[in-house]
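Descriptive structure summary
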Amino acid sequence: MFELSDKAKKLQAQLHEFMDAHIYPNEHKHHEQVERAENRWAPVPIVEELKVKAKAAGLWNLFLPKEHGELSPGLTNLEYASLAEQMGRHHIASECFNCSAPDTGNMEVLAKYGNEAQKKQWLEPLMEGKIRSAFAMTEPEVASSDATNIETSITRDGDDY
């Protein structure tokens, strides 16, 4: 058994209150806005409103592990798991807290391996919730969306790959 830190317990309580006050009551509004949307790929207004509230409440980018220093809320993966469990109770919650895939994984990769130009162009706007990201793959010999099945190779061709 493990014990959450005081910080994680506080965030867990705040997250629970926020979900009760803002996420669950707006479920119908979200469905209505999606159904009426002219462009189903455009941001949903209620989600954008909830992002602003979540950010103001300090419930933003909770996913990034503490080894990322100032970019991180300072939680371990184990502590974040309790928050992710709560967010997973509603399909829009993770996005409202800027903790949804594929953005989380892409932000972690950029935070750990990105150069300063990549961080400026992609990581900063992702962490601010201004843009979304994607993950795409295709494998000719594998019928799967599981990235662990990637078997591609890269070869040099002059100055290109």
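Structure report, in brief. (Residues numbered from 1 in each chain as written. Predicted model: local features only at pLDDT ≥ 70, side-chain atom pairs only at ≥ 80, totals over all residues. Heavy atoms only, no water.)

Overview of the overall build of the protein
- When its secondary structure is counted, the protein shows 7 helices and 0 strands.
- Beginning at the N terminus, the succession of helices and strands in the protein can be written as α-α-α-α-α-α-α.
- Over its C-alpha atoms, taken along the principal directions, the protein stretches across nearly 60 × 45 × 35 Å.
- Expressed as a percentage of the 161 residues in the protein, the buried residues total 34%.
- In the protein, once contacts between residues fewer than 6 apart in sequence are set aside, the share between residues at least 24 apart is 60%. (Helix = DSSP H or I, 4+ residues; strand = E, 2+ residues; numbered from the N terminus. Buried < 20%, exposed > 50% of the residue type's maximum accessible area, 1.4 Å probe, protein only. Contact = heavy atoms within 4.5 Å.)

Concerning the environment of Val 34
- Mapping Val 34 onto the fold places it in helix α2 (residues 27-36).
- Separated by 12 residues in the primary sequence, Val 34 and Ile 46 have C-alpha atoms spaced 9.8 Å apart.

Observations concerning unusual backbone geometry
- Cis geometry marks the peptide bond from Ala 101 to Pro 102, where omega comes out at 0 degrees.
- Relative to the helices and strands, Pro 102 resides in the loop between α5 (93-96) and α6 (103-113).
- With a phi angle near 55 degrees, Asn 61 is a residue other than glycine that sits in the positive phi range.

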